[in-house]
Amino acid sequence: MSTYDVPEAFDAGASAYDGLVGANPGYNDHLRLSAQRMQLPNGGRGLRLLDIGCGTGLSTAALLSVAPHAEITGVDGSAGMLEQARAKSWPSTVSFVQSRAEDLAKAGVTGPFDGILAAYLVRNLPDPDPVLRALLALLAPGGVFAAHEYSVRDSPRARVTWNLVCATIIIPAGRIKTGDGELYRYLRRSVNRFDGAAQFRERLQRNGFTDVRSETVPGWQNGIVHTFLGRAVS
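As the structure is a computational prediction, the values presented were derived from the model and not from experiment.

Q: Explain the nonpolar core here, please?
A: A general feature of soluble globular proteins is that nonpolar side chains tend to end up buried together. By size, the foremost hydrophobic cluster in this structure holds 43 residues, and its most contacted members are Met38, Leu40, Leu49, Leu63, Tyr150 and Trp162. In terms of residue count, the dominant contributor to this core is helix α6 (residues 156-178) (six residues). Every residue in contact with Tyr150, bar those within four places of it in the chain, is listed here: Tyr120, Arg123, Trp162, Leu187, Val191, Phe194, Gln221, Ile224 and Val225. By size, the runner-up hydrophobic cluster in this structure holds 28 residues, among which are Leu50, Ala101, Leu125 and Val131.

Given below as structure tokens:
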């Protein structure tokens, strides 16, 4: 599967997505942890936030939990995933837009945003660098960017754990739930290919982010899932 096929592949698996990830211990807690690490002030009062690659809205809910008073725009390239997101109950301050990450301006998504969360997005981009630069340009001065992402290349233990869990749990469960395990085989391959944590931090710095750092998550995904943080120059 090419990375260009990812939104269409998620269309097919959208109805089963929340059930599958809900079976992953800590999935939603880890999204909230990344949102908390953005350190958004005052419950989000007066802030505009972008959830890029929002999927079914789980990451949007994570942002909302830490910034309940913010204006939040969720964006995803998959119509099927957005259909699931829009079917949920949201306050009037939350809206959704269908767009690929490369086409935000065409979809009318404009800054400045005080914070941007990209959960499980960057790894799926054909060319991350221009998208990262475009997201940086959407941030207000001093605004925070958080990428919640898999990264296993720096850790032999993380690579072994990830591939074992994929082979024995994720791919079989995905095949049972959706009738097709290809999306989850792609998931396994894409994580194995993606930047190591140090390499991704360097990528963020190279594309103009400052104060770049990362932290991993607790539980079985320790060393596998990370919060990568950076800021626009103040």
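Picking up after the structure, the text goes on.
Q: What is the right way to look at the packing of aromatic side chains in this model?
A: For any pair of aromatic rings, geometry is given as the distance between the ring centres together with the angle between the planes. This model, assessed by the stated rule, comprises seven aromatic pairs. Between Tyr27 and Tyr120 the ring centres are 5.7 Å apart and the planes differ by 25°, which places this aromatic pair in the stacked class. Remark: Tyr120 occurs in the loop between β4 (113-119) and α5 (128-138) and Tyr27 occurs in helix α2 (residues 27-37); sequence separation between them is 93 residues. In this structure Tyr120 comes out as buried when scored by relative accessible area, which is 11%. Summarising the aromatic geometry, the rings of Phe194 and Phe200 are spaced 5.4 Å apart at their centres and angled 50° between planes, so their arrangement reads as tilted.

Q: I tried to follow the packing of α2 against helix α3 (residues 58-66) on my own but got confused; where do I start?
A: In contact at an axis separation of 8 Å, α2 and α3 are set at 50° when each is read in the N-to-C sense. If you check the angle between α2 and α3, you find them oblique. Between α2 and α3 lies a crossing whose hand is right-handed. On α3, the residues touching Tyr27, Asn28, Leu31, Arg32, Ala35 and Gln36 of α2 are Leu58, Ser59, Ala62, Leu63, Ser65 and Val66. Residues of the contact of α2 with α3, tallied by class, amount to seven nonpolar, four polar and one charged.

Q: Please explain the sheet that holds β4 as it appears in this structure.
A: Working definition: the strands of a sheet are paired by backbone hydrogen bonds and lie parallel or antiparallel to each other. Reading across from one edge, β3-β2-β1-β4-β5-β7-β6 is the order of the seven strands in this open sheet, with mixed pairing throughout. The two strands at the open ends of the sheet, each matched to only one other strand, are β3 (94-98) and β6 (210-216). Here the strands of the sheet are splayed against their neighbours by 15° on average, with no regard to which way each runs. In this structure, strand β1 (residues 48-52) lies alongside β4, joined through four bridges in parallel fashion. Across the sheet, Ile52 pairs through a bridge with Ala118, a residue of β4.

Q: Would you take a moment to explain unusual backbone geometry for this structure?
A: With an omega dihedral of 0°, the bond running from Gly111 to Pro112 counts as a cis peptide bond. Positive phi, normally seen in glycine, also occurs at Gln39, with a value near 55°. Residue placement: Gln39 occurs in the loop between α2 and β1. The class for Gln39 is exposed, based on a relative accessible area of 58%.

Q: Can you help me understand the pattern of salt bridges in this one?
A: Where charged atoms of side chains with opposite charge meet at close range, the side chains can pair. The tally for this structure, following the rule as stated, stands at eight salt bridges. Here Arg206 and Asp129 are joined by a salt bridge, their closest N and O atoms 3.8 Å apart. Pair noted here: Arg206 is in helix α8 (residues 197-206) and Asp129 is in helix α5, with a separation of 77 residues, a long-range link. We classify Arg206 as exposed; its relative accessible area is 55%. Here Asp129 falls in the buried class, since its relative accessible area comes to 16%. Between Arg213 and Glu215 there is a salt bridge, with its nearest N and O atoms 2.6 Å apart. What makes Arg213 partly exposed here is its relative accessible area of 34%. According to the relative accessible area criterion, Glu215 is partly exposed, its value standing at 33%. The structure contains a network of salt bridges with shared partners spanning Asp129, Asp195, Arg203 and Arg206.

Q: Would you explain the environment of Asp76 in this entry?
A: Note that Asp76 resides in strand β2 (residues 71-76). By relative accessible area, which is 13% here, Asp76 ends up buried. Along the backbone, Asp76 and Thr56 are 20 residues apart, and their C-alpha atoms lie at a distance of 8.8 Å. Ignoring anything within four residues of it in the chain, the contact list for Asp76 reads Gly53, Cys54, Gly55, Met81, Leu82, Val97, Gln98 and Ser99.

How each quantity is defined
Residues numbered from 1 in each chain as written. Predicted model: local features only at pLDDT ≥ 70, side-chain atom pairs only at ≥ 80, totals over all residues. Heavy atoms only, no water. Core = buried A, V, L, I, M, F, W, Y, C linked by side-chain atoms within 4.5 Å. Buried < 20%, exposed > 50% of the residue type's maximum accessible area, 1.4 Å probe, protein only. Helix = DSSP H or I, 4+ residues; strand = E, 2+ residues; numbered from the N terminus. Contact = heavy atoms within 4.5 Å. Phe/Tyr/Trp six-rings, centres within 6.5 Å; stacked < 30°, edge-to-face > 60°. Axes fitted to C-alpha atoms, helices over the stretch in contact; angles between N-to-C directions. Parallel < 35°, antiparallel > 145°, perpendicular 65-115°, else oblique. Left-handed = near helix turned anticlockwise from the far one by under 90°. Nonpolar A, V, L, I, M, F, W, Y, C, P; charged D, E, K, R; others polar. Pairing = 2+ DSSP bridges. Salt bridge = Lys/Arg side-chain N within 4 Å of Asp/Glu carboxyl O.

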